[in-house]
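Coordinates in review
Okay, here's what each chain looks like letter by letter:
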Amino acid sequence: MPNDNAHIAKQIGEIYDIVPPQLAIKAMRSNGFKSTDHAIAELIDNSVQAGLQAGNSMTNVEVICIEKFVRMSQRQVKRIDEILVYDDAGGMSPELLRQALMFGAGTNLLTENQKGIGKFGMGLPNASISQCRRVEVYSWQNDKCFLTYLDIPKILSGELREVPVPMETEVPSRYRSLVKSELGKGGTLVVWKDLDKTTWVRHQAFFRNSEFLIGRIYRRFIAEQKVQIRFAAFDSSGTDHTFGFLDELFVRPNDPLMLMTGTSAPDEYAENPGFEEYGQPDKVEVSLPDGTKSEVTIRYSVARQKTREGDDSARAGGSTSIGKYVKRNVGVSVVRAGRELEMNTTWVNPSEPRDRWWGIEIEFQPDLDEIFGVTNDKQAATNLYRSDYKEDADALGMSPSELMEQLQETKDSKVANYRISQNIASRLKTIRKHIEGQKSGSRQTKEKKRRAETTATDATKARSDTKLTSSDIDFGNASNEQRQEALRRAYLDSGYTEEHATQLAVEFVDSGIRYAFTEASLNSPAIFDLSSDRGEYFIKLNTRHPAYGSFIELLKEDGKDSDSAALVALKLLLTAWARMEDEANEKQLELLQDVRIEWGKIARDFLRELED
């Protein structure tokens, strides 16, 4: 009787699998990898992670294509027949090797192990079956090599129901001859055979496209010399398994912020960065469900003036080599644990070719994977995208404050995305304005745009005849160089680039203007902030205050050669306040500063009522 029960149980187990292997493997083969490059990246992840865990100073990774002639219709054509991925990261034990080809059985599934780029235990089998019908994995430690595999036809027929027990063997000499690195005591070689779903047919297209993507995904690791990635191609000469060398390249970093050296950028930009950092990075603290916090860093860059010189992006979409290159990197780079997930284009205006001239990078650690919706193939963070809580609240028939209160009560992940998106949107306004200013036109046009500043300067000069202040004296005693330096520092403090700050400083001093308006995200309830140096007045508009979006920004007239009459009037009101503080004695000044901050608080509360 017990034997009969065991026989019945065995039959039921074979017939009533919760997920039949044949059905599961078909679904897994269509698992959403965007291209062969992204599938290869999953294997490189394993190599990089293993090398870091082993404490290697540098891990060598080689991606090798073997081409051969195949008959297509009435002729023979050459195409990629096998793809090999080798690393010297230390290899795997037979137990770990077998586990590596199981779905969802990686070593980084436990939270305490999720410190690097690995996590999901899906990379090797998932990526492999998305491209080929058979994958073989050789791995060796201390000169002892083992082999196991997955074979799609055998799985579909029911012949293969579990990962085969690794068998001791040697790396075939025909494969060893293709690897440039010295095969050390520990390493791994993945071989994709019977390719039926690859994106690229020939190695030339594979190399050209893959270097761009792989170089961007692993730019940090390559630049820091933690990994070296070699692409190589060989021609299979026939049944004797000899190979002819075709081509090779070592992957260079591709930095969408255009701040690195030694990159794949064209011409002189490979060694001389074409962009410069735009202000200080934003730091956003995100609360995790367990009460701990994790920090998100947002970095910004913008093209240098000389990078854009000669480019006709406004009409022809970018005719220079650098214009074409940066166009391929348009978007916000989302980076997890130093490894890029995607270029997110939701913040990009598709009708604005000048959006190629800025770079933004969001970086976070694996503890935020669930909040940001990181996919198991590490190709996207689905909960990171351009969003506006005011727009969403309006669509839901709620007030913005009601929406945020509800989301915070339920600890909704959208709160983090709204905060990040708000930071990016605020900075993008000034970045786009800066880019537009690089092609702003004649001196006469610039003077029209600064009508309020010029008018306020003239009024101040007339007033100083009867009410001379220490700022007036400083202005008269300061040299042009000193005033330029004061203005440059003020613009840098507001997040402007070195190049832009210097350019504006020279223009303002040449024109004799004493009032300079900037925009910045201030940790203050005030609508605007004031300071003075060398007789120059600096009025900093607070982009975080509701008055900015609800009032100040509405007065701008995009595309016009000059400020609107209403914006000129507003600027003159603010310059008048600046002069009033300058003319006040010490006691009056303290009172006026307190009033300015208190007024900002009350205005903030009143304007929020308007939003509600």
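We now turn to the structure provided with this report. (Residues numbered from 1 in each chain as written. Predicted model: local features only at pLDDT ≥ 70, side-chain atom pairs only at ≥ 80, totals over all residues. Heavy atoms only, no water.)

**Considering the overall build of the protein chain**
Let me state the cut-off plainly: Each helix corresponds to a stretch of at least 4 residues labelled H or I by DSSP, and each strand to a stretch of at least 2 residues labelled E; elements are numbered beginning at the N terminus. Only protein chains enter the area calculation, which uses a 1.4 Å probe; residues under 20% of their type maximum are buried, those over 50% are exposed, and those in between are partly exposed. Should any heavy atoms of two residues lie within 4.5 Å, those residues are counted as being in contact.
The number of helices and strands found in the protein chain is 24 helices and 17 strands. Expressed as a percentage of the 612 residues in the protein chain, the buried residues total 49%. For the protein chain, contacts bridging at least 24 residues in sequence account for 68% of all contacts bridging at least 6.

**Notes on the packing of helix H20 (residues 480-493) against helix H21 (residues 498-511)**
Applicable threshold: Geometry is summarised by axes, namely lines fitted to C-alpha atoms with helices restricted to the contacting stretch, and by angles between N-to-C directions that run from 0 to 180 degrees. When describing relative orientation, an angle under 35 degrees is termed roughly parallel and one over 145 degrees roughly antiparallel, while 65 to 115 degrees is termed roughly perpendicular and anything else oblique. When the near helix sits turned anticlockwise from the far one by under a right angle, the crossing is termed left-handed; a clockwise turn instead gives a right-handed crossing. Here the term charged refers only to Asp, Glu, Lys and Arg, the term nonpolar to Ala, Val, Leu, Ile, Met, Phe, Trp, Tyr, Cys and Pro, and the term polar to all other amino acids, Gly among them.
Axis separation between H20 and H21 bottoms out at 8 Å; the angle between their running directions is 140°. One element, H20, and the other, H21, form an angle in the oblique class. Crossing handedness for the pair H20 and H21: right-handed. Contacts between H20 and H21 involve Asn-480, Arg-483, Gln-484, Leu-487, Arg-488, Tyr-491 and Leu-492 from the first element and Glu-498, Ala-501, Thr-502, Leu-504, Ala-505, Val-506, Phe-508 and Val-509 from the second. A breakdown of the residues in the contact of H20 with H21 according to their chemical character gives 9 nonpolar, 3 polar and 3 charged.

**What to know about the sheet that holds strand S15 (residues 515-520)**
What counts here: Only strands that DSSP links by at least two bridges are regarded as paired with each other.
An order of S15-S17-S16 is seen for the 3 strands of this open sheet, with the pairing classed as mixed. The sheet is open, and its two edges are formed by S15 and strand S16 (528-533), each paired on a single side. Along the sheet, successive strands turn relative to each other by an average axial angle of 25°, direction set aside. Across 6 bridges, S16 lies against strand S17 (residues 536-542) in antiparallel orientation. Looking across to S17, one finds that Asp-529 is bridged to Lys-540. Together, S15, S16 and S17 form the strand contacts of H20, whose direction differs from that of S17 by roughly 10°.

**Section: the environment of Lys-433**
Going by this rule: We define a polar contact as two N or O atoms separated by no more than 3.5 Å, with the added condition that, inside protein, one atom must be a possible hydrogen donor and the other a possible acceptor, whereas residues neighbouring each other in sequence contribute only through side-chain atom pairs.
You can see Lys-433 is positioned in helix H16 (residues 414-437). Of the residues examined, Lys-433 reaches a relative accessible area of 38% and is grouped as partly exposed. In this structure Lys-433 touches Glu-519, Tyr-548 and Lys-556, once residues within four positions along its chain are discounted. In terms of polar contacts, Lys-433 uses its side chain to reach the side chain of Glu-519, at 3.1 Å.

**Considerations on helix H15 (residues 400-409)**
Note the threshold: The arc in question is the one spanned by the directions pointing from the helix axis to the C-beta atoms.
Here H15 has its buried residues at Pro-400, Leu-403, Met-404 and Leu-407. For H15, the angular spread of the buried residues around the axis is 95°, confining them to a single face. Once H15 ends, the next one or two residues include Lys-411, with phi positive near 55°.

**With respect to the side chain of His-500**
Inspection of the secondary structure puts His-500 in helix H21. What makes His-500 buried here is its relative accessible area of 8%. Residues within four places of His-500 in sequence aside, it is in contact with Glu-276 and His-434.

**Considering the pattern of salt bridges**
Where charged atoms from two side chains of opposite charge come close, those side chains can pair. Rules: In the sections that follow, a salt bridge refers to a side-chain nitrogen of Lys or Arg positioned within 4 Å of a carboxyl oxygen of Asp or Glu.
According to the stated counting rule, one finds 49 salt bridges in the structure shown. The closest approach of N and O atoms between Asp-235 and Lys-78, which form a salt bridge, is 3.2 Å. With Asp-235 in strand S7 (residues 227-236) and Lys-78 in strand S2 (residues 75-87), this residue pair connects regions lying 157 residues apart in the sequence. Between Glu-583 and Arg-463 there is a salt bridge, and its shortest N-O distance comes to 2.5 Å. With Glu-583 in helix H23 (residues 565-583) and Arg-463 in helix H18 (residues 451-464), the pair connects residues that are 120 residues apart, well separated along the chain. With a relative accessible area of 16%, Glu-583 lands in the buried category.

**What about unusual backbone geometry?**
Positive phi outside glycine occurs at Asn-142, with the angle close to 50°. Within the fold, Asn-142 resides in the loop between strand S3 (132-141) and strand S4 (144-151). Using a relative accessible area of 65% as the deciding quantity, one classes Asn-142 as exposed. For Lys-411, which is not glycine, the phi dihedral falls at a positive 55°.

**A look at the nonpolar core**
Operational definition: Residues enter a nonpolar core if they are buried and are Ala, Val, Leu, Ile, Met, Phe, Trp, Tyr or Cys, with the set joined through side-chain atoms within 4.5 Å.
Residues Val-296, Ile-298, Ile-362, Phe-364, Phe-372, Ile-420 and Ile-424 are the most contacted members of the largest nonpolar core, which totals 52 residues. In terms of residues, this core owes the most to one element, H16, which gives 6 residues. Residues contacting Ile-420, with those up to four places away along its chain left out, are Val-284, Val-296, Ile-298, Ile-362, Phe-372 and Leu-384. Of all hydrophobic cores here, the second largest spans 48 residues; its members include Ile-44, Ile-117, Leu-195 and Tyr-218.

**Examining the pairing of strand S14 (residues 358-364)**
Within a regular strand, side chains alternate between the sheet's two faces. Of all 7 residues in S14, 7 are buried, a share of seventy percent or more. Across the two faces of S14 the burial is the same, with Trp-358, Ile-360, Ile-362 and Phe-364 and Gly-359, Glu-361 and Glu-363 all buried. The pairing of strand S11 (residues 293-303) with S14 spans 6 bridges and is antiparallel. When the sheet's bridge partners are listed, Ser-301 is paired in S14 with Gly-359.

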